[in-house]
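This is what each chain is made of:
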Amino acid sequence: MRSAHPMLRLLALLLCGAVALAEDAPPLKSCPAECSKHGNCGDNGECMCPFGRTGQACETDFLAPCRLGPDSPATCDFTHPQSCECVRRCREYGCPTVGTNGTKTCHWQVGEEDIVGCFERPGVQPDQQASYSAVPEKKEAAKYFASSKAGAPEVERSVALVSQAGKYEALPPSECSQKCNGRGKCIKAGGAWTASCACFSGYSGKACAVEDTNNCPLNCLGRGKCSDGFCHCNPPYFSLGCSRQKVYPPIVDLARISPVNFKIYMQLSATATFLSPCRYELPTQLAYDVAAPSSPEAADTHIAHKKFIEHLLMSNVRTEDPAEANLFFVPALSWAYTGNQLNSRHLDLVIDHINSSYPFWNRTGGKDHFFWLTNDRGACALTGLAQPAIKLTHFGLHTRNGSVEGWDPTSIVDQEFGCHHPLRDVVMPPHDSSLLPLIGNSRQLTVDDIISKKSKLFYFSGSVSDNPQDSGNTTQQLKLLVNKWRDRQIVFDTKEYVDESRLRASKFCLAVYGSSFGVRLLRCIFAGSVPVVIQEHVVQPFEELLPYETFSLRLSNAKLPELREILRDITDAQYRKLQEGMVRYRDALHWDAMAGGRAFDYTIAALRRRFLNFKSLYY
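Here the structure is a predicted model, which means the values were calculated and not measured. (Residues numbered from 1 in each chain as written. Predicted model: local features only at pLDDT ≥ 70, side-chain atom pairs only at ≥ 80, totals over all residues. Heavy atoms only, no water.)

Caption draft 1: Structural view of the overall build of the protein. Within the protein, the secondary structure is distributed over 17 helices and 29 strands. The burial tally for the protein puts 53% of its 619 residues in the buried class. Contacts in the protein between residues far apart in sequence, at least 24 positions, make up 64% of those at least 6 positions apart. Of the accessible surface of the protein, which amounts to about 26700 Å², a share of 51% is contributed by carbon and sulfur atoms. (Helix = DSSP H or I, 4+ residues; strand = E, 2+ residues; numbered from the N terminus. Buried < 20%, exposed > 50% of the residue type's maximum accessible area, 1.4 Å probe, protein only. Contact = heavy atoms within 4.5 Å. Areas by Shrake-Rupley, 256 points an atom, 1.4 Å probe, with all protein chains shown as cover.)

Encoded structure:
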């Protein structure tokens, strides 16, 4: 009889641990009587509030002007015009006072005040009108301003409702299907003839009517109601997925850290999506998966950190007791605050809060803490307090003095190690749901089946920029060579679209980066085409754990003129071994556990090695 799926066993461990903590653990301290109306009573009697609510019992709907209706999410979105009062409130909410010096610092996006126009309804109290943040109808009395900045000039409606980048025009909800059900904003993209809904995170469909059933972790375990990613738990439950009801004593015995077992303590935020497993709470003003409207071109290649968190919560590697932790995970959710343009202010805010409130960061200077940075260039532009910590990124550029062809050296802050310290940081495979069908199709084929379909030698598909920083000048040089060779066995297509059938028919495919990390390596492997990795100075995902030489080729730009000869010299027996290596290790590079993905397991192995590196004073 087969044993239960490992993920189910881990879930069982989590559920058992949630209710079977130490018998001598003290009961929760008393929270204000009204806490359960909107929040959850957590550690030390703190009422954990959903995003936008403040007060000791979450009684104040501070971001009420930022809702489209009483049940709509509160959004602080600076890509679409909204009410001026909403922008002002977001700016105040997003500029918390933290640290021992009591200074007020703003998150990058939240602190800007004149990115887009805004509007006001004269004589209407913001907190008394649920639809205050909705764009006014054309005949509705309203004033329009160039920005929310004090003294900003009044402008025409048509000017205020267009983003400064000119990409979107904000429209009244009535102009979209079912008014987007109050779960998104009605917009018209530049050049479009019709309006469409830009749905808030967790919703999809033409009218944002489809709710993501996984919007709350563990679906709140049947112990609460999911709302905007927040598990509003039934007392006495609290924390992520309503998984806890007791706390640990407020004692930190550093001697309890095991030199054998490996444990990770998750320092989570106070939202239900990211609730702390113990006393270490990050307020929603510091870390929250902001439910901003998605743009039409939004992709999911930047959310691997969410997949990691889902796995960690169901893993016995996680501990709820910081006293036994080897490493500390801080889900600062930098992608939600900074997007691709990494700015260190948000991380500095989170670390300043941790540094001034708890003992764990100070004892090592943050060297046993780790963060995810899923933006395109990872830690290349990172400055400030987070530099000593372990970074999990998708881009492992490792070079001295910023010496990368086509790159501006000033774009890389750390001139000694570049964007990646190989003994401290970890390069992670990105998550890309569009690649899952490739894995599914490949699993149905044997190595013989895969090899029998090969009819071409080499494949590449993608745009080729004139800027040598894109791909490190690899595709630019190869394009010139291909035009010279005119070899029918070489497929070099400069269209963006990737033809799966042509990819599968090719023995080898090119795995380069763009101007930052990419998914070509994964696409090649999942489609059964041996990757030719040409990424000078760039460390690959889990490169210190995976034997890349058994399932890929690694070349430099200097070898491009010899590419055809190198590939044709590989014997059938050697090629078969490369195919067998891809089949053996492909699951290490994806996150879908139900499809056999083991990226989380390799992440834990990599982190354990980083902990040993830290203890060995390698960094």
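Here the narrative resumes, following the displayed structure.
Caption draft 2: Region of interest: the pattern of salt bridges. Under the definition given, this model contains 19 salt bridges. The closest approach of N and O atoms between Asp448 and Arg576, which form a salt bridge, is 2.5 Å. In this pair, Asp448 is assigned in helix α11 (residues 447-452) and Arg576 in helix α16 (residues 572-585), connecting sequence segments 128 residues apart. The class of Arg576 is partly exposed, set by a relative accessible area of 31%. Measuring nitrogen to oxygen at the nearest pair gives 3.0 Å for the salt bridge that ties Arg568 to Asp487. Taken together, the positions of Arg568 in helix α15 (residues 563-568) and Asp487 in the loop between α12 (474-485) and β25 (490-493) put the pair 81 residues apart, joining distant regions of the chain. (Salt bridge = Lys/Arg side-chain N within 4 Å of Asp/Glu carboxyl O.)

Caption draft 3: Here's a closer look at the state of the cysteines. Tallied over the entire structure, the rule returns 13 disulfides. Between the sulfur atoms of Cys35 and its disulfide mate Cys47 the distance is 2.1 Å. Taking the sign of the torsion about the S-S bond as the criterion, the disulfide between Cys35 and Cys47, at about 95°, is right-handed. One end of the pair, Cys35, is in helix α2 (residues 35-38); the other, Cys47, is in strand β2 (residues 47-48), with 12 residues separating them in the sequence. Exposure class is identical for Cys35 and Cys47. Each is buried. Paired through a disulfide, Cys84 and Cys118 show a sulfur-sulfur distance of 2.0 Å. Its torsion about the S-S bond being 90°, the disulfide of Cys84 and Cys118 is classed as right-handed. In this pair, Cys84 sits in helix α3 (residues 84-93) while Cys118 sits in strand β8 (residues 118-120), placing the two residues 34 residues apart along the sequence. As far as the burial class goes, Cys84 and Cys118 line up, both buried. (Disulfide = S-S within 2.5 Å.)

Caption draft 4: Inspection of the sheet that holds strand β19 (residues 327-329) at higher detail. Strands sit in the order β18-β17-β19-β20-β21-β23 across an open sheet of six strands; the sheet is parallel. The open sheet has two free edges, formed respectively by β18 (318-319) and β23 (426-427), since each of these has just one partner strand. As defined by bridge partners, strand β21 (residues 390-393) adjoins β23 across two bridges and the pair is classed as parallel. Counted as the bridge partner of Thr393 is Val427 from β23. Contacting β17 (264-266), β19, β20 (369-373), β21 and β23, helix α17 (residues 599-615) runs over the sheet at an angle of about 155° to β21. (Pairing = 2+ DSSP bridges. Axes fitted to C-alpha atoms, helices over the stretch in contact; angles between N-to-C directions.)

Caption draft 5: Region of interest: the nonpolar core. Counting residues in hydrophobic clusters, the biggest one holds 74 residues, and the most contacted among them are Ile264, Phe308, Phe458, Phe508 and Leu607. Top element by residues in this core is α17. It accounts for eight residues. Here Leu607 is in contact with Phe262, Ile264, Phe308, Leu327, Phe370, Ile390, Leu392 and Val426, once residues within four sequence places are set aside. With 16 residues, the next largest nonpolar core counts Leu286, Val330, Ile354 and Ala386 among its residues. (Core = buried A, V, L, I, M, F, W, Y, C linked by side-chain atoms within 4.5 Å.)

Caption draft 6: Region of interest: the sheet that holds strand β9 (residues 143-145). Across the sheet, three strands lie side by side as β5-β8-β9; this open sheet has mixed pairing. Strand pairing shows two members of the sheet lacking a second neighbour, β5 (82-83) and β9, which therefore form its edges. Alignment of β8 against β9, held across three bridges, turns out to be antiparallel. Looking at β9, one finds that Glu120 is bridged to Lys143.

Caption draft 7: A look at the packing of aromatic side chains. Summed over the entire model, instances satisfying the criterion amount to 18 aromatic pairs. Their ring planes at 25° and their centres at 6.2 Å tell us that Phe62 and Tyr93 sit as a pair that is stacked. Remark: Tyr93 occurs in helix α3 and Phe62 occurs in the loop between β4 (60-61) and β5; sequence separation between them is 31 residues. No difference in accessibility class separates Phe62 from Tyr93, as the two residues are buried. Consider the rings of Phe262 and Phe611, whose centres lie 6.3 Å apart with planes at 55°: the pair is tilted. With Phe262 in the loop between β16 (230-233) and β17 and Phe611 in helix α17, the pair connects residues that are 349 residues apart, well separated along the chain. This pair shows no difference in class: Phe262 is buried, exactly as Phe611 is. The structure contains a cluster of three or more aromatic residues connected by ring pairs, namely Phe308, Phe329, Phe370, Trp372, Trp591 and Phe600. (Phe/Tyr/Trp six-rings, centres within 6.5 Å; stacked < 30°, edge-to-face > 60°.)

Caption draft 8: Up close: unusual backbone geometry. For the bond from Pro235 to Pro236, the omega torsion is 10°, close enough to zero to count as cis. At Leu333, a position not held by glycine, the phi torsion is positive, near 55°. With respect to the helices, strands and loops of the structure, Leu333 is situated in the loop between β19 and α7 (334-338). Taking the relative accessible area as the measure of exposure, Leu333 reaches 5% and is therefore buried. Of note, Asn473 is a non-glycine position whose phi angle comes to about 70°, a positive value. Structurally, the position occupied by Asn473 is in the loop between β24 (456-461) and α12.

Caption draft 9: Spotlight on the pairing of strand β27 (residues 530-533). The two faces of β27 match: Val530 and Val532 on one face and Pro531 and Val533 on the other face are all buried. With four bridges connecting them, strand β26 (residues 506-511) and β27 associate as parallel partners. Across the sheet, the residue bridging to Phe508 is Val530, located in β27. Taking the sense of rotation as the criterion, the β-α-β connection linking β26, helix α14 (residues 520-526) and β27 turns out right-handed. One ladder, built from two bridges, connects β27 with strand β29 (residues 553-554); its direction is parallel. Across the sheet, Val532 pairs through a bridge with Leu553, a residue of β29. (Right-handed = clockwise from strand over helix to strand, strands pointing away.)

Caption draft 10: How the structure looks around the environment of Cys176. Along the polypeptide, Cys176 turns up in the loop between β10 (168-170) and β11 (184-189). Under the relative-accessibility criterion, Cys176 is labelled buried at 8%. Distance from Cys176 to Ile187, taken between C-alpha atoms, is 8.1 Å for residues 11 residues apart in sequence. When residues no more than four places from it in sequence are discounted, the contact partners of Cys176 are Cys186, Ile187, Ala195, Ser196 and Cys197.

Caption draft 11: Geometry of the side chain of Arg504. Structurally, the position occupied by Arg504 is in helix α13 (residues 500-504). Within the local environment of Arg504, its side chain forms a polar contact with the side chain of Ser442, the two groups lying 3.0 Å apart. Once residues within four sequence positions are removed from consideration, Arg504 is found in contact with Leu438, Asn441, Ser442, Leu445, Lys453, Lys454, Phe526 and Ala527. (Polar contact = N/O pair within 3.5 Å; in protein donor to acceptor, adjacent residues only side chain to side chain.)

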